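What follows is each chain in one-letter form.
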Amino acid sequence: MLTTFRQALLMLVALTLFTGVVYPLAVTGIAQLLFSRTANGSLLERDGAPIGSALIGQPFSDPRYFWSRPSATAPMPYNAGASGGSNQGPLNPALADAVKTRIEALLAADPGNTSPVPVDLVTASASGLDPHISPAAAQYQSARVAKARGLPVERVRALVAEHTEGRQLGFLGEPVVNVLQLNLALDKLHA
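Quick caveat, the model's predicted, so the values are computed rather than measured.

Trainee: Account for unusual backbone geometry, with residues named and values stated.
Mentor: In this model, Asp47 sits at a positive phi of 55°, which is unusual for a non-glycine residue. At Tyr78, a residue that is not glycine, the phi angle is positive and equals roughly 60°. Of note, Tyr78 is situated in the loop between strand 2 (49-53) and helix 3 (93-109).

Trainee: Residues and numbers for the packing of helix 5 (residues 153-162) against helix 6 (residues 179-189), please.
Mentor: For any two helices packed against each other, one specifies the inter-axial angle together with the distance between the axes. Across the interface, helix 5 lies against helix 6 with an axial gap of 10 Å and an inter-helix angle of 135°. Relative to helix 6, the element helix 5 lies oblique. Between helix 5 and helix 6 the crossing geometry is right-handed. The segment helix 5 lies against helix 6, with Arg155, Leu159 and Val160 engaging Leu182, Ala185, Leu186 and Leu189.

Trainee: Any details on the packing of aromatic side chains? Residues and values, ideally.
Mentor: In this structure the tally under the stated criterion is one aromatic pair. Geometrically, the ring pair formed by Phe60 and Tyr65 is tilted, given 5.7 Å between the ring centres and 35° between the ring planes. In terms of burial, Phe60 and Tyr65 fall into one category: buried. If you follow Arg144 out to its NZ or CZ, it ends over the ring of Trp67, 4.1 Å from the centre.

Trainee: Give me the nonpolar core: which residues, what numbers.
Mentor: Residues Phe66 and Ile133 are the most contacted members of the largest nonpolar core, which totals 27 residues. Of all elements in the fold, only helix 3, helix 4 (135-149), helix 5 and helix 6 reach the threshold of two or more residues within this core. It is helix 6 that provides the largest number of residues to this core, a total of six residues. In this view, Ile133 contacts Trp67, Ser68, Arg69, Asp120, Leu121, Ala138, Gln141, Val176, Val177 and Val179; residues no more than four positions away in its chain are not counted.

Trainee: Hey, could you go over the pattern of salt bridges for me, with residue numbers and the actual values?
Mentor: This model, assessed by the stated rule, comprises five salt bridges. Ionic pairing is found between Arg46 and Asp187, a salt bridge with its closest N-O pair at 2.8 Å. Residue Arg46 is found in strand 1 (residues 43-46), and its partner Asp187 is found in helix 6; the two are separated by 141 residues along the sequence. A relative accessible area of 38% means that Arg46 is categorised as partly exposed. With a shortest N-O distance of 2.9 Å, Arg149 and Asp187 are connected by a salt bridge.

Trainee: Let's hear about the pairing of strand 2: which residues, and what values?
Mentor: For strand 1 and strand 2, the ladder comprises four bridges, and the chain directions are antiparallel. Across the sheet, residue Glu45 finds its bridge partner in strand 2, namely Pro50. Count of turn residues in the strand 1/strand 2 antiparallel hairpin: two residues, of which Asp47 carries a positive phi of about 55°.

Trainee: Which residues make up the packing of helix 4 against helix 5, and what values go with them?
Mentor: In the contact formed by helix 4 and helix 5, the axes pass within 9 Å of each other and the chain directions differ by 140°. If you check the angle between helix 4 and helix 5, you find them oblique. Here helix 4 and helix 5 pass one another in a crossing that is right-handed. For the pair helix 4 and helix 5, the contacting residues are Ala138, Gln139, Ser142, Ala143, Val145 and Ala146 in the first and Val153, Val156, Arg157 and Val160 in the second. Here the contact of helix 4 with helix 5 is composed, by residue class, of seven nonpolar, two polar and one charged.

Reading the values: the criteria
- Residues numbered from 1 in each chain as written.
- Predicted model: local features only at pLDDT ≥ 70, side-chain atom pairs only at ≥ 80, totals over all residues.
- Heavy atoms only, no water.
- Helix = DSSP H or I, 4+ residues; strand = E, 2+ residues; numbered from the N terminus.
- Axes fitted to C-alpha atoms, helices over the stretch in contact; angles between N-to-C directions.
- Parallel < 35°, antiparallel > 145°, perpendicular 65-115°, else oblique.
- Left-handed = near helix turned anticlockwise from the far one by under 90°.
- Contact = heavy atoms within 4.5 Å.
- Phe/Tyr/Trp six-rings, centres within 6.5 Å; stacked < 30°, edge-to-face > 60°.
- Buried < 20%, exposed > 50% of the residue type's maximum accessible area, 1.4 Å probe, protein only.
- Lys NZ or Arg CZ within 6 Å of the ring centre and 35° of its normal.
- Core = buried A, V, L, I, M, F, W, Y, C linked by side-chain atoms within 4.5 Å.
- Salt bridge = Lys/Arg side-chain N within 4 Å of Asp/Glu carboxyl O.
- Pairing = 2+ DSSP bridges.
- Nonpolar A, V, L, I, M, F, W, Y, C, P; charged D, E, K, R; others polar.

Dropping the structure here:
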């Protein structure tokens, strides 16, 4: 009985060390070696200071910037600790009211824009943290941003095209634009 207990205790210690220390350190080391930017949260910096992640959206309301997709997280937008959708279905009056309010805000910010409002500018993603918008949503906002910054709209549209990411592996998903990266590129134009 004592021998069995000793063997069991030895196996517990060995497996605890391997699965709790050796394996996590090895995986972390490999991730840091091969994918350090991703493993560290894909942080974006300005003047050497981190200002956000390319993987988590941020709220923008200044007309000089492209606006992100709405966030459904609470109590603050883009709260990574509260990731999740609103769970409001298409027949929910609260969703219809939220979409109507968002459309009104977009039209108030750019009253001359008569283009249809892209759906991703008025509805949250499933996670509520999406850092991307569609190229159509970025182009929809180009005239407002160009006017607010005193730039030619063609220059802003070209910047959107430069920051449009294609489909993953050439066939998965849809083309997207990372809002934070696009806004940082806008700021560099005036730097």
